[in-house]
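So the chains spell out like this:
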Amino acid sequence: MDRPVGKGVSLDFSPTYRGAQPQGKDGACVTLASEDANKENERSSGPVLSLVQFSRAPFVSFEAVKLGTSRAAVLVIDNPNDHVTEIRVDKIPAEKGFSVDQMHFSLNPDESTCLTVRWTPV
């Protein structure tokens, strides 16, 4: 991210946008099997990072965020593969106010989970 951040800043992840922000009754993010995540995708429209080659990058939008405040966005990470996948967030532009709630985790085959991305304008 070499561009300055401003109103309506978005964070671009690879590889796909499919929809879904699986949440429990209390609004907390929940982990779903892929077929459950696909059903949820049909009902909502949030960014999804699918861990397959050649898929499109999801678009995480924070809309307008006032200085001195922060906003969180949920990115669903989907592992449609038939093997466990280790996820490690190597680069996050912390100097520009971005953070994530998990830096390293693993996903079982056909499992999805939520990654909360927070932006506090600096």
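Residues numbered from 1 in each chain as written. Predicted model: local features only at pLDDT ≥ 70, side-chain atom pairs only at ≥ 80, totals over all residues. Heavy atoms only, no water.

### Here's the deal with the overall build of the protein
Worth spelling out the cut-off: Secondary structure elements follow DSSP: runs of H or I of four or more residues count as helices, runs of E of two or more count as strands, with numbering from the N terminus. Note on classification: 1.4 Å probe, protein chains only; a residue is buried when its accessible area is under 20% of the maximum for its type, exposed when over 50%, partly exposed between these limits. Whether two residues are in contact is decided by their heavy atoms: any pair within 4.5 Å suffices. For accessible areas, the Shrake-Rupley method is used with a probe of radius 1.4 Å. Any residue's cover is judged against the shown protein chains and nothing else.
When its secondary structure is counted, the protein shows 1 helix and 9 strands. Put simply, the protein runs from its N terminus to its C terminus through helices and strands in the order β-β-α-β-β-β-β-β-β-β. Evaluated residue by residue, the protein yields a buried proportion of 40% over its 122 residues. In the protein, 71% of the contacts between residues at least 6 apart in sequence involve partners at least 24 apart. Split by element, the accessible area of the protein, about 7,400 Å² in all, is 49% carbon and sulfur.

### Details of the confidence of the model for the protein
Going by this rule: The predictor attaches a confidence to each residue, and that confidence, scored 0 to 100, is pLDDT.
Summary statistics for the protein give a mean pLDDT of 75 and a share of 63% for residues scoring 70 or more. Predicted confidence for residues 14-28 stays below pLDDT 50, and this span has 61 contacts to residues more than four positions away or in other chains.

### Considerations on the nonpolar core
Quick reminder of the rule: The set of buried Ala, Val, Leu, Ile, Met, Phe, Trp, Tyr and Cys residues whose side-chain atoms join them within 4.5 Å is what this entry labels a nonpolar core.
In terms of nonpolar packing, the biggest core is built from 17 residues, with F62, I77, V100 and F105 touching the most fellow members. Breaking this core down by element, the ones donating at least two residues are β5 (71-79), β7 (98-100), β8 (104-107) and β9 (111-119). Excluding anything up to four places from it in sequence, F105 contacts I77, T85, E86, I87, T113 and L115.

### Focus on unusual backbone geometry
Backbone geometry places F54, a non-glycine residue, at a positive phi of 65°. Examined against the element boundaries, F54 turns out to sit in the loop between β3 (48-50) and β4 (59-61). Of note in this structure, D110 is not a glycine but carries a positive phi near 55°. By the element assignment, D110 lies in the loop between β8 and β9. Residue D110 is classed as partly exposed on the basis of its relative accessible area of 35%.

### Notes on the pairing of β9
Condition: A pair of strands counts as paired when DSSP detects no fewer than two bridges linking them.
Taken across its 9 residues, β9 has 7 buried, putting it largely inside the fold. In terms of strand pairing, β5 meets β9 through 9 bridges, oriented antiparallel. The partner of L75 across the bridge, within β9, is L115. Here β7 runs beside β9; their pairing, made up of 3 bridges, is antiparallel. From the neighbouring strand, F98 faces β9, where its bridge partner is W119.

### Quick word on the environment of H83
Turning to its location among the elements, H83 is positioned in the loop between β5 and β6 (85-88). Sequence spacing of H83 and P109 is 26 residues, and the spatial spacing of their C-alpha atoms is 5.0 Å. Sequence-distant contacts of H83, defined by excluding residues within four places in its chain, comprise L107, N108 and P109.

### Here we look at the pairing of β5
Note on strand geometry: in a regular strand, side chains alternate between the two faces of the sheet. The buried fraction of β5 amounts to 7 of the 9 residues, a majority that puts the element mostly inside the structure. Relative to β5, β3 runs parallel, the two sharing 3 bridges. Along β5, the bridge assignment pairs L49 with I77.

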